[in-house]
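Read off the chains here:
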Amino acid sequence: QQLFTVPAAGASEQLLERTEHNAEGLLLDLECPSMSGTDAQPNRCPALAGKTSITLHHPNGKPSQVMSLKNGLLDGESKDFDDKSALIGIDTFKAGKREGLLRRFNKEGKPYLEAHFAQDVLDGAAQCFQDDGTVCFDITWQKGVPVRQRTYFLNGQPRADVRAEEDHVKVSSF
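Residues numbered from 1 in each chain as written. Predicted model: local features only at pLDDT ≥ 70, side-chain atom pairs only at ≥ 80, totals over all residues. Heavy atoms only, no water.

J.: Is there a simple way to think about the overall build of the protein in this case?
T.: Each helix and strand counted, the protein has zero helices and 15 strands in total. For the protein, the proportion of contacts with a sequence separation of at least 24, taken over those separated by at least 6, is 10%. Looking at the protein as shown, the accessible area adds up to about 11100 Å², and 51% of this sits on carbon and sulfur atoms. (Helix = DSSP H or I, 4+ residues; strand = E, 2+ residues; numbered from the N terminus. Contact = heavy atoms within 4.5 Å. Areas by Shrake-Rupley, 256 points an atom, 1.4 Å probe, with all protein chains shown as cover.)

Set out below in structure tokens:
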């Protein structure tokens, strides 16, 4: 357990962070000590009312994640950093759901993955990039359903195109 401070309306509230690992990865639970009883929930904590941000840290003290919240829900950009403070990911949220562009970066700071979300589901282009920036594949999504996938040769030239048609799948090779 770790205490950290969240800036709030001219004051600061200490929150108790409890973390645990499970099969899905790291879980974060924030508990507001100024709330009593079993009804204490992060979205009711005075420190999380309105718009605020929270910074989590690696064991070496460097930031691991900076999240923007509004009324206790993720809202705005959430940035992830490695233990040397290099940016490794950006997610955009609105009212607790992914909304907009998700980006992941390699050790050199170049994007290797970009995906568009709407209402917490993939919607639009999702692309994977090689180290030199050329696209290695892209998938077009419509409300969480893949409708087109394109793969590319290492030189960036198209390799194959797979489309979901109304009653069949169309495959093209180049």
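There is more to say, and it comes next.
J.: Help me understand the nonpolar core, please; the structure alone is not making it clear to me.
T.: Considering soluble globular proteins, one finds that nonpolar side chains tend to be buried as a cluster. Of all hydrophobic cores here, the largest spans six residues; its members are Leu-102, Ala-115, Phe-117, Ala-126, Ile-139 and Trp-141. Of all the secondary-structure elements, those providing two or more residues to this core are strand E10 (111-118) and strand E12 (135-142). (Core = buried A, V, L, I, M, F, W, Y, C linked by side-chain atoms within 4.5 Å. Buried < 20%, exposed > 50% of the residue type's maximum accessible area, 1.4 Å probe, protein only.)

J.: I tried to follow the pattern of salt bridges on my own but got confused; where do I start?
T.: Pairing between side chains of opposite charge can happen when the charged atoms of each approach one another. Summed over the entire model, instances satisfying the criterion amount to seven salt bridges. Of the charged contacts in the structure, one is a salt bridge between Arg-103 and Glu-114, with a shortest N-O distance of 2.9 Å. With a gap of 11 residues between them, Arg-103 in strand E9 (residues 100-105) and Glu-114 in strand E10 connect regions that are remote in the sequence. You can call Glu-114 buried: its relative accessible area is 17%. One salt bridge in this structure joins Asp-138 and Arg-150, with 2.8 Å as the shortest N-O distance. Of the two residues, Asp-138 sits in strand E12 while Arg-150 sits in strand E13 (residues 145-152), which places them 12 residues apart along the sequence. (Salt bridge = Lys/Arg side-chain N within 4 Å of Asp/Glu carboxyl O.)

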